[in-house]
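# What the coordinates show
Chain by chain, the residues:
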Amino acid sequence: MIDTFLSSKLEIIEGLTQSASTISPKYFYDTKGSALFERITHLAEYYPTRIEQEIMATHAAAIAANIGTGCTLIELGAGNCQKARVLCELIAPARFVAVDISEEFLHEAVNALRSALPAIDIRAVAADLNTQIALPADLPLQQRLVFYPGSSIGNFDPAQAQALLKRTRGLLGMDGALLMGVDLHKDLAVLDAAYNDAVGVTAAFNLNVLNHVNRLIGSDFDLRQWQHLAFFNETESRIEMHLVAATDTLVRWSGGQRSFTRGERIHTENSYKYRVEDFLALLARSGFSRTQVWSDERSWFAVILARP
Ligand SMILES: C[S@@+](CC[C@H](N)C(=O)[O-])C[C@H]1O[C@@H](n2cnc3c(N)ncnc32)[C@H](O)[C@@H]1O
């Protein structure tokens with residue numbers, strides 16, 4: 001725990017003190033950040049959650065037939081476990097392991113799920129997906145299904161995504177499978193609105209990272225001096241989120257400081273948007289070959305089942 005705290009602190013300070021400042025998107029998710037993300041999923045502009053749920057509902061029978069019952073379901077970045085709950089009702093797994101970095105929020109979600117689904121053995125694993133995940137030692141290797149919805153894979157650049165998918169492949173035996181949601185390339189106005197909602201929940205989510213950083217490194221970021229910025233970077237095929245300094249400002253923490261000039265940015269998130277064929281190629285490079293793709297009629301989002 002102390003090691004994790006120290007390495008987070010070092011990672012954040014290293015990101016902040018680069019000439020182009022960054023904060024990893026994993027620091028969005030303190031308890032308040034997780035709750036703000038949950039609000040984002042209910043916004044009219046935020047299509048990914050809604051469309052992914054529609055695809056899963058439309059193709060529920062085919063998904064269930066492909067997976068079968070009694071598996072060990074492992075969700076990466078489980079959040080409030082709502083999607084897992086629907087999937088559990090569909091495929092009746094023997095056990096469910098929810099993995100997430102937002103520990104307190106995860107435990108609350110898992111406790112609620114245990115009450116709702118008492119027949120399933122449900123565990124919580126607080127872990128960072130950037131590292132090798134230690135699953136409970138008594139988990140059978142056979143018949144594992146890794147569920148990675150919400151296009152969270154888009155937060156990793158292509159090299160990191162490949163490394164994460166390879167590590168995921170390592171969690172599976174030959175009879176295992178990966179079921180994931182992937183956000184697709186689409187009309188710019190739709191993308192832009194999804195990350196710049198009218199009521200400002202995404203802005204609050206983006207700014208909240210500074211509160212979390214203040215607690216983790218003891219810095220004195222003043223949220224009133226920062227503004228949310230999100231736009232689509234066509235060349236990289238990704239939404240970028242930044243925080244922009246509204247004024248010249250000096251941020252201090254114990255043992256260091258960083259001055260920002262007005263207009264200077266801290267890059268807080270990427271959300272890559274894929275073309276299906278490119279994502280299938282990424283899966284193939286990561287050790288998954290047998291794939292099945294379900295999508296919506298506008299091809300905004302894809303749910304992909306992949307096997308080693
Ligand atoms: C975009 S939300 C998706 C939540 C939920 N799975 C869904 O689809 O609505 C990303 C989730 O992954 C978790 N997360 C983000 N970065 C992570 C990391 N590096 N390791 C583990 N979990 C992470 C967050 O806490 C959050 O619950």
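Residues numbered from 1 in each chain as written. Predicted model: local features only at pLDDT ≥ 70, side-chain atom pairs only at ≥ 80, totals over all residues.

### Side note on the overall build of the protein chain
What counts here: The secondary structure listing takes helices from DSSP runs of H or I that are at least 4 residues long and strands from runs of E that are at least 2 residues long, numbered from the N terminus. Atoms considered for the radius of gyration are the C-alpha atoms alone. The globule rule reads 2.2 Å times the number of residues to the power 0.38. Field definition: a residue is buried when 20 or more other C-beta atoms are found within 10 Å of its C-beta, exposed when 12 or fewer are, and partly exposed for counts in between, with C-beta atoms placed from the backbone. A pair of residues counts as a contact when their C-beta atoms, built from backbone coordinates, are within 7 Å of each other.
Within the protein chain, the regular secondary structure consists of 10 helices and 13 strands. Its C-alpha atoms give the protein chain a radius of gyration of 19 Å, near enough to 19 Å, the size a compact globule of 308 residues would have. Residues counted as buried form 39% of the 308 residues belonging to the protein chain. Summarising the internal contacts of the protein chain: among those between residues at least 6 apart in sequence, 68% fall at separations of at least 24.

### Brief notes about the sheet that holds strand β12 (residues 290-295)
Going by this rule: Between any two strands, at least two bridges found by DSSP are needed for them to pair. For helices, the fitted axis covers only the stretch in contact; all axes are lines through C-alpha atoms, and the angles between them, taken along N-to-C directions, range from 0 to 180 degrees.
Taken together, the seven strands give an open sheet; going across it, the order is β4-β3-β2-β5-β6-β13-β12, and neighbouring strands pair in mixed fashion. Both outer strands of the open sheet, β4 (121-126) and β12, are each paired with one neighbouring strand and no more. Each adjacent strand pair in this sheet contributes to an overall mean axis angle of 15°, direction not counted. Direction of pairing for strand β2 (residues 72-76) relative to strand β5 (residues 144-148): parallel, over a ladder of four bridges. Paired with Thr72 across the two strands is Arg144, which belongs to β5. Against the sheet, helix α3 (residues 47-58) touches β6 (177-183), β12 and β13 (301-307), its axis set at about 55° to β13. Sitting on the sheet, helix α6 (residues 103-116) is in contact with β3 (95-100) and β4, with an inclination near 175° to β4.

### Concerning the nonpolar core
So the rule is basically this: A set of buried Ala, Val, Leu, Ile, Met, Phe, Trp, Tyr and Cys residues, joined to one another through C-beta atoms within 7 Å, is what we call a nonpolar core.
Counting 62 residues, the largest nonpolar core has Leu73, Ala84, Ala98 and Phe147 as its most contacted members. Broken down by element, this core gets its largest block of residues, six residues, from β13. Ile12, Val209, Trp226 and Leu243 belong to the second largest nonpolar core, which has 20 residues in total.

### Brief notes about the site of the ligand
So the rule is basically this: To decide nearness, the C-beta atom of each residue is placed from the backbone, and the residue is near a molecule or strand if that atom lies within 6 Å of it. These domain limits were set by an automatic method or by a database of domain assignments.
Residues in close proximity to the ligand total 19 residues, the closest being Tyr29, Gly77, Gly79, Ile101 and Gly150. Viewed by domain, the shell around the ligand spans two of them, domain 1 (2-43 + 189-272) and domain 2 (48-177), each represented by three or more residues.

### A short note on the environment of Pro136
The residue Pro136 is located in the loop between β4 and β5 in this model. Between the C-alpha atom of Pro136 and that of Gly70, which follows or precedes it by 66 residues, the distance is 18 Å. Beyond its immediate chain neighbours, meaning those up to four positions away, Pro136 contacts Val97 and Arg123.

### Quick word on the environment of Arg50
Topologically, Arg50 is positioned in helix α3. The spatial distance from the C-alpha of Arg50 to the C-alpha of Phe301 is 10.0 Å, given a sequence separation of 251 residues.

### A closer look at the domain arrangement of the protein chain
Applied cut-off: In the scheme used here, Gly and all other residues not listed as nonpolar or charged are polar, with Ala, Val, Leu, Ile, Met, Phe, Trp, Tyr, Cys and Pro taken as nonpolar and Asp, Glu, Lys and Arg as charged.
Split by domain assignment, the protein chain resolves into domain 1 (2-43 + 189-272) and domain 2 (48-177). Taking the mean C-alpha position of each, domain 1 and domain 2 sit 26 Å from one another. At the junction of the two partners, domain 1 supplies 13 residues and domain 2 supplies 11 residues. Looking at the side of domain 1 that touches domain 2, the elements that each hand over two or more residues are α2 (31-40) and β11 (265-272). Each residue belonging to the side of domain 1 that touches domain 2 can be placed in one class, and the counts come to four nonpolar, five polar and four charged.

### Quick look at the pairing of strand β10 (residues 256-260)
Of the pairings in the sheet, the one linking strand β9 (residues 249-253) to β10 comprises five bridges and is antiparallel in character. Paired with Trp253 across the strands is Gly256, a residue of β10. Between the antiparallel neighbours β9 and β10 lie two residues, among them Gly255 with a positive phi of about 90°.

### Re the sheet that holds strand β8 (residues 238-245)
An order of β1-β11-β8-β7 is seen for the four strands of this open sheet, with the pairing classed as mixed. The open sheet terminates on both sides in strands that have one partner only, identified here as β1 (21-22) and β7 (226-233). Taken together, the eight bridges between β7 and β8 define a ladder with antiparallel strand orientation. Looking at β8, one finds that Gln227 is bridged to Val244. Sheet contacts for helix α9 (residues 201-217): β7, β8 and β11; angle to β7, the most-contacted strand, approximately 115°.

### Describing α6
One turn of the α-helix equals 3.6 residues, which is why residues spaced by three or four share an orientation. Counted only if it meets this: The span one expects for a helix is its residue count, reduced by one, times 1.5 Å. The reported arc concerns the directions from the helix axis to the C-beta atoms and nothing else.
Look at α6: 20 Å from first C-alpha to last across 14 residues, which is about the 20 Å you get at 1.5 Å a residue. For α6, the full list of buried residues reads Phe105, Leu106, Ala109, Val110 and Leu113. Angular distribution of buried residues about the axis of α6 spans 130°; they occupy a single face of the element. In α6, the exposed residues that point more than 90 degrees away from the buried face are Glu104 and Ser115.

### Remarks on unusual backbone geometry
Phi is positive for Gln143, which is not a glycine, with a value near 50°. With respect to the helices and strands, the residue Gln143 is situated in the loop between β4 and β5.

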